[in-house]
Protein chains: 2
Amino acid sequence: MTTAETRADRRSRRRTGGGNAASPSARSERYRHLVNPFEPIRLFSEDQVEAMHQAALRILEEIGLRVLLPEACQRFRAAGAAVDEESRMVRIDRGLVQAALRTAPSAYDLVAPAAHRTVRIAQRHLAVIPVGGPPHVTDSDRGKRSGTLEDFRDFTKLSQQFDVVHCLGACIEPQDIAPEFRHLETMRAQLTLGDKPPFIYSRGNPQVRDCFAMVRLNAGLSEEQFESAAHCYTVINTNSPLQLDIPMSQGIIDFAAAGQLSIITPFTLAGAMAPITLPGALTQAHAEALAGITLAQIVRAGAPVAYGGFTSNVDMKSGAPAFGTPEYVKAAFGAGQLARHINLPWRSSNATASNVADAQAAYESEMSLWGAIMGGCSLLIHGAGWLEGGLAASYEKFILDIEMLQMFAELFQPVAFDADEIGVEAIAEVGPGGHFFGTGHTLGRYEKAFYAPLVSDWRNFGSWSEDGARTATERANALWKKTLQAFQPPPKDPAVTEALDGFIARRRQEGGAPPVS
Amino acid sequence: MTTAETRADRRSRRRTGGGNAASPSARSERYRHLVNPFEPIRLFSEDQVEAMHQAALRILEEIGLRVLLPEACQRFRAAGAAVDEESRMVRIDRGLVQAALRTAPSAYDLVAPAAHRTVRIAQRHLAVIPVGGPPHVTDSDRGKRSGTLEDFRDFTKLSQQFDVVHCLGACIEPQDIAPEFRHLETMRAQLTLGDKPPFIYSRGNPQVRDCFAMVRLNAGLSEEQFESAAHCYTVINTNSPLQLDIPMSQGIIDFAAAGQLSIITPFTLAGAMAPITLPGALTQAHAEALAGITLAQIVRAGAPVAYGGFTSNVDMKSGAPAFGTPEYVKAAFGAGQLARHINLPWRSSNATASNVADAQAAYESEMSLWGAIMGGCSLLIHGAGWLEGGLAASYEKFILDIEMLQMFAELFQPVAFDADEIGVEAIAEVGPGGHFFGTGHTLGRYEKAFYAPLVSDWRNFGSWSEDGARTATERANALWKKTLQAFQPPPKDPAVTEALDGFIARRRQEGGAPPVS
């Protein structure tokens, strides 16, 4: 407000690139537990939602799903589904699906290593998860390259550092680590650099078993304590159309048996692996998700599951996948309605097809985010760092996404409302043509009134130009470096670190666990 | 779909920079009349909206508004308001405001020179207006500079060319034209380069009179025909807090008297010219808008008016205005509720504080757009081309905005829904693990299934890199040039052009009309 403050602020912004990302602010602690106050946007009538649900039940009954894992087929058969041994087609009658929907919980906690990081998974709540899965990483300095463990550690640090990210994640694929050891190293990174709930890939039972053991070691949990609540999560992608492969089926079984969270997400591009129409693509995805959810509930009634939706379209001329399109937003609104129809938490994504963290990346991500968040999603995967349709994780995009997410977190904060907030007296005091800078009504509130941005630069053109005329992407580059430089892992008992190190050393000596496919 | 098509498509995209902006497509004709199918997002309870409305009525009754134009004071007094001659404070009792709200129409047409361009102004409808007002223009080639008539003509051509823009606009200030002739030249540009409803600045009665005369000449309208419907529009900004200056008061009077459209928009930055609180800033803006609407209805009951909302926040450390912030979005949702409370069409904006058409410009504009459009706005001003908090109009930003607007226009298109759209038979036909590219269900729909982007590049990283690794902003640069190069003005009777030229020549000889301030 004063000139001195303005100067100090400008100096500080010059140093930091527009914001201070080194340490989470008191303000950002409000982002740790997000409740979305807005009524979800609806695209379909209730009748249409019911029609899609009924069509999905018909698909499961009449067409069925091919399930490649014999154990999963057996479990389906034992529960009453019709299984064709030869084709591995599993036909699931609606009674079985409906029974599963009765036992699947609509709300539960995802318990974090740090108690204040425990995440509520439920309608109206929003949990953000970072980018997951890209084989490549990219940043403005080093360009695009294969992901390494160092990159995985960097993205884990970034995910840990911002309160608006609620879980750790798959981030990138560390290709410098042999596949049989990769799960051990990514789990070590998550458990030593962070205190948020960790992610586990479903790449076969041996890897999952190792990871569960590490989660228990880290939190000092008995097997029974571990299984009494969700402490980690996995993402199950069906092989659309209508197929569930071996590691995915195994993942559902392993996670359900241990009471851990499966986010069951058909990934369907309309016109490619699903019908080109929105009702068709959503219905097929719904059928596939219902099949996965049913398997989880057959394994253990009450196992925590989330209903994943990831439906987008392709460029029908080139076949290239597209994200953050109008069709993507419509699919998000529709998927949210289907999830609420079966009363399960809905998972959506922050996606873009852009090859660089530019204006396209920003507007496609915003479209995805508004579709997801105003569609009522409970779990937002790829919340920060996704680029290139998921083929690369971007350091700069991560920071830009944090800014966008923090704006939603602010949007969720309730508005104080009473006569003093309306402030007719303050308006009378200032009078026509005056200004409010110096009034008591302003001075009592200005420090906390508004969101202070991370990346956005609101200086005038002259100041901004003098300071190098840097774009948001350039400022994001400075911010991720500053954040990593200042990073301090959360405090940890050295005995726990030692136990984890010992476990990993032993499992490496034993040959690790190759992924199952 | 075929390899040949893919190659042709890639060649074409290489030439055009990702899309074809030269001529509007058949698809984009659907954007000419937009109806928003979504329920507006609400931030406040109905009680809170009513409380703000009541507080605004109290402000008008107890504090009043300073009105600088004697004629406006007289008209207020004649209608029953209490006017203090010395201070020019006008206190308006609620009965007068309520009477005005009863006569202000909630829906009307803004009649365009071309019949198919006539715009419906009403709740649920959305009319997009380009950037208005910046003194500067900027593009990637020439940088930032003072606006000229050539720039005004360029922005008018761009506004005419895209169907998703529904009116012409103030675009930029052509500073190479003397102020007394400026209205003549900007009106000539609008009437000869376009056939959408034109904008007129309220800079005193002589300029407005000239512009009305040109609109009549252009459409061959008698004065009576002209005044029977809105054929042009102006924007009235109050001088917040609580002041209405001479040209703005005169503009309300002139437009109302002639039955033309006034968009009455208090521009309030919370913490600067309005209370720092959201309920306070909205209430003050509401009071100011009500005063302007009341004046219009006093002048002519039934005069078309729109309820403008432009409330944002400042950086409380530096005082710099901010746009597209979480507070901006909340203000938009709230302003939309206040407009619906008084049953008037609501005007909002697509705003950003970014100094360059980068990721920040994109995400701030997306926040503004979602706030405006999902808040239920009927008129979106600064829809395309706004940059730097309104200090510059950007050619590249114009194109990026068109892409964002077209995505909303697509989002509005209804989703076909029946059993064939769900396509259980197509899903059965493809079966597990197959793909939908070649099915009849796909082939019958693929040409029109999805939005084809203007700027977005969905090619893979390799193809995109080979083609120059251009950012969205760089592609937008190519697109505005291509659009301007291909521009053809709508057909026009040479006699009309001659009449307009004759009028302008005469008025220039007479000395034009200096702006009134």
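The name given to chain A in an unreviewed UniProt entry is Methyltransferase, with Hypericibacter adhaerens as the source organism. Regarding chain A, the relevant UniProt record gives this comment under Sequence similarities (unreviewed entry): "Belongs to the trimethylamine methyltransferase family."

Novice: Tell me what's going on with the overall build of chain A, and back it up with residues and numbers.
Specialist: On a plain count of helices and strands, chain A comes out with 19 helices and 20 strands. On C-alpha atoms alone, chain A measures out to a radius of gyration of 24 Å, which is about the 24 Å that the 2.2 N^0.38 rule sets for 517 residues. In terms of its C-alpha atoms, chain A occupies a principal-axis envelope of roughly 80 × 60 × 45 Å. Classification of the 517 residues of chain A by burial places 65% in the buried group. Counted over contacts in chain A with a minimum sequence separation of 6, partners at least 24 positions apart contribute 77%. When the accessible surface of chain A is summed, it comes to about 16700 Å², and 50% of that surface belongs to carbon and sulfur atoms.

Novice: Describe the relation of the copies chain B and chain A, naming the residues involved and giving the relevant values.
Specialist: Superposing chain B onto chain A takes a rotation of 180° combined with a translation of 0.0 Å along the rotation axis, leaving an RMSD of 0.0 Å. Taken together, the rotation and translation relating the two chain copies correspond to the operation of a two-fold axis. Residue A359(B), judged by its C-alpha, is the member of chain B lying nearest the rotation axis, at 2.0 Å. Looking at chain B, 98% of its interface residues are interface residues in chain A too, so the copies touch through the same face.

Novice: Describe in detail the sheet that holds strand β16 (residues 321–322) of chain B, supporting the description with residues and values.
Specialist: Residues and elements named next belong to chain B. With mixed pairing, three strands are arranged side by side in an open sheet as β13-β15-β16. Each having just a single partner strand, β13 (267–270) and β16 make up the two edges of the open sheet. Pairing of strand β15 (residues 310–314) with β16, which is carried by two bridges, proceeds in the antiparallel orientation. Residue pairing for β16: N313 is matched across the bridge by A322. In this fold helix α10 (residues 278–299) packs onto β13 and β15, with an angle of close to 165° to the strand it touches most, β13.

Novice: Explain empty space enclosed by the protein residue by residue, including any values.
Specialist: Residues and elements named next belong to chain A. This structure, assessed with the given rule, holds seven cavities of 30 Å³ or more. Estimates place the volume of the largest cavity at around 150 Å³. Surrounding the largest cavity, 17 residues form its lining, R182, H183, T186, Y201 and R203 being those nearest its centre. For the lining of the largest cavity, the leading source of residues is helix α6 (residues 179–193), giving five residues.

Novice: Could you give an account of the interface of chain B and chain A, naming the residues involved and the relevant values?
Specialist: Counting residues at the interface gives 111 residues for chain B, matched by 109 residues for chain A. With both chains or domains summed, chain B and chain A bury close to 9400 Å², and 72% of this area falls on carbon and sulfur atoms. Sorting the residues of chain B by area buried against chain A places Y363(B), F450(B) and W458(B) first, and these three jointly supply 9% of that buried surface. For the pair chain B and chain A, the interface holds two salt bridges. Its salt-bridge partner being R58(B), residue E425(A) comes within 3.1 Å of it at the nearest N-O pair.

Novice: Give me the side chain of H166(B): which residues, what numbers.
Specialist: Residue and element names in this part refer to chain B. On the secondary structure map, H166 appears in the loop between α5 (149–161) and α6 (179–193). Its relative accessible area of 3% is what places H166 among the buried residues. Dropping the residues within four chain positions of it, H166 is found in contact with Y31, R32, H33, L34, R117, V119, L126, A127, V128, K196 and P197.

Novice: So what's going on with the domain arrangement of chain A? Which residues, and what values?
Specialist: Residues and elements named next belong to chain A. Along its sequence, chain A is organised into domain 1 (3–35 + 415–474) and domain 2 (101–412). The C-alpha-based centres of domain 1 and domain 2 are spaced at 33 Å. Contacts between domain 1 and domain 2 engage 21 residues on the former and 24 residues on the latter. Taking both sides of the interface into account, the surface hidden between domain 1 and domain 2 amounts to around 2000 Å²; carbon and sulfur atoms contribute 55%. Between the two partners, domain 1 and domain 2, sit three salt bridges. Residues R27 and E410 are paired through a salt bridge, measuring 2.7 Å at the closest nitrogen-oxygen approach. Across the contact surface, domain 1 and domain 2 share 15 residue pairs in polar contact (both at pLDDT 80 or more). Only β1 (34–35) and α18 (472–486) provide two or more residues apiece to the side of domain 1 that touches domain 2.

Novice: Talk me through unusual backbone geometry; I want residue IDs and the actual numbers.
Specialist: Residue and element names in this part refer to chain A. A cis amide bond links S240 with the next residue in sequence, P241, at an omega value of 0°. Mapped onto the secondary structure, P241 falls in the loop between β10 (233–236) and β11 (243–244). A positive phi angle, close to 55°, is found at E388, a residue other than glycine. Looking at where E388 falls in the secondary structure, it is placed in the loop between β19 (386–387) and β20 (392–394). Classification of E388 as buried rests on a relative accessible area of 6%. Residue A469 is not a glycine yet carries a positive backbone phi of 50°. Using a relative accessible area of 32% as the deciding quantity, one classes A469 as partly exposed.

Novice: So what's going on with the packing of helix α7 (residues 205–219) of chain B against helix α9 (residues 246–257) of chain B? Which residues, and what values?
Specialist: All names here are of chain B. Two elements in contact, α7 and α9, have axes whose closest approach is 10 Å; the angle formed by their N-to-C orientations is 30°. Considering their axes alone, α7 and α9 lie roughly parallel with respect to each other. In terms of crossing hand, the pair formed by α7 and α9 is right-handed. Packed against α7, whose contacting residues are N205, V208 and F212, the element α9 presents Q250, D254 and F255 at the interface. A class-by-class count of the residues in the contact of α7 with α9 yields three nonpolar, two polar and one charged.

Novice: Could you give me a rundown of the confidence of the model for chain A, with the residues and numbers involved?
Specialist: All names here are of chain A. Per-residue pLDDT for chain A averages 94, and the proportion of residues at 70 or more is 95%. For residues 1–22, every residue scores under 50 in pLDDT, and the model assigns this stretch 46 contacts once sequence neighbours within four places are set aside. This complex was scored by the predictor with a pTM of 0.95 and an ipTM of 0.95.

About the thresholds
Sequence order as written defines the numbering, with residues in each chain counted from 1. A letter from A marks each chain and a number from 1 marks each ligand, given out in the order of writing. Local features in this predicted model are restricted to residues whose pLDDT is 70 or higher, and side-chain atom pairs enter the listing and the counts only when it is 80 or higher, whereas totals over whole chains, interfaces and linings include all residues. Excluded from the side-chain calculation are hydrogens and water; included are all heavy atoms of the structure. UniProt positions are given in the numbering used here, feature names are shortened, and annotations may be inferred rather than shown by experiment. Only DSSP runs of H or I covering at least 4 residues are called helices, and only runs of E covering at least 2 are called strands; the numbering of each starts at the N terminus. Only C-alpha atoms enter the radius of gyration; for comparison, a globular chain is expected to reach 2.2 Å times N to the power 0.38, where N is the number of residues. The classification of residues rests on relative accessible area computed with a 1.4 Å probe and restricted to protein chains. Under 20% of the type maximum is buried, over 50% is exposed, and intermediate values are partly exposed. By definition in these notes, contact holds between two residues if any of their heavy atoms fall within 4.5 Å. Using a 1.4 Å probe, accessible areas were evaluated by the Shrake-Rupley method; residue-level cover was limited to the displayed protein chains. The superposition of copies rests on a least-squares fit of C-alpha positions from residues with pLDDT of 70 or more in both. Should DSSP find at least two bridges between two strands, the strands are regarded as paired. Interaxial angle, 0 to 180 degrees, is taken between N-to-C directions of lines fitted to C-alpha atoms, where a helix line uses only the stretch in contact. Lining residues are those with an atom within 4 Å of a point, where the points come from a 1 Å grid over the protein atoms alone and group into cavities, where a 1.4 Å probe fits but cannot get out, or pockets, open sets with protein on both sides within 12 Å along at least five of seven lines. Grid points are joined across faces, edges and corners, and a volume is the space filled by probe spheres set on the points. Buried area, as used here, totals the accessible surface that two parts lose on assembly, with accessibility defined by a 1.4 Å probe and the loss added over both. The salt bridge definition used is simple: a Lys or Arg side-chain nitrogen within 4 Å of an Asp or Glu carboxyl oxygen. What marks off one domain from the next here is an automatic or database domain assignment. Any N or O atom pair separated by 3.5 Å or less is treated as a polar contact, with the protein-specific requirement of one donor-capable and one acceptor-capable atom, and with residues adjacent in sequence counted only for side-chain atom pairs. Should an angle lie under 35 degrees it is considered roughly parallel, over 145 roughly antiparallel, and from 65 to 115 roughly perpendicular; all remaining angles are considered oblique. For any pair of crossing helices, the crossing counts as left-handed if the nearer helix is rotated counterclockwise from the farther one by less than a right angle, and right-handed if it is rotated clockwise. Here the term charged refers only to Asp, Glu, Lys and Arg, the term nonpolar to Ala, Val, Leu, Ile, Met, Phe, Trp, Tyr, Cys and Pro, and the term polar to all other amino acids, Gly among them. By definition, pLDDT measures how confident the predictor is in each residue, and it falls between 0 and 100.

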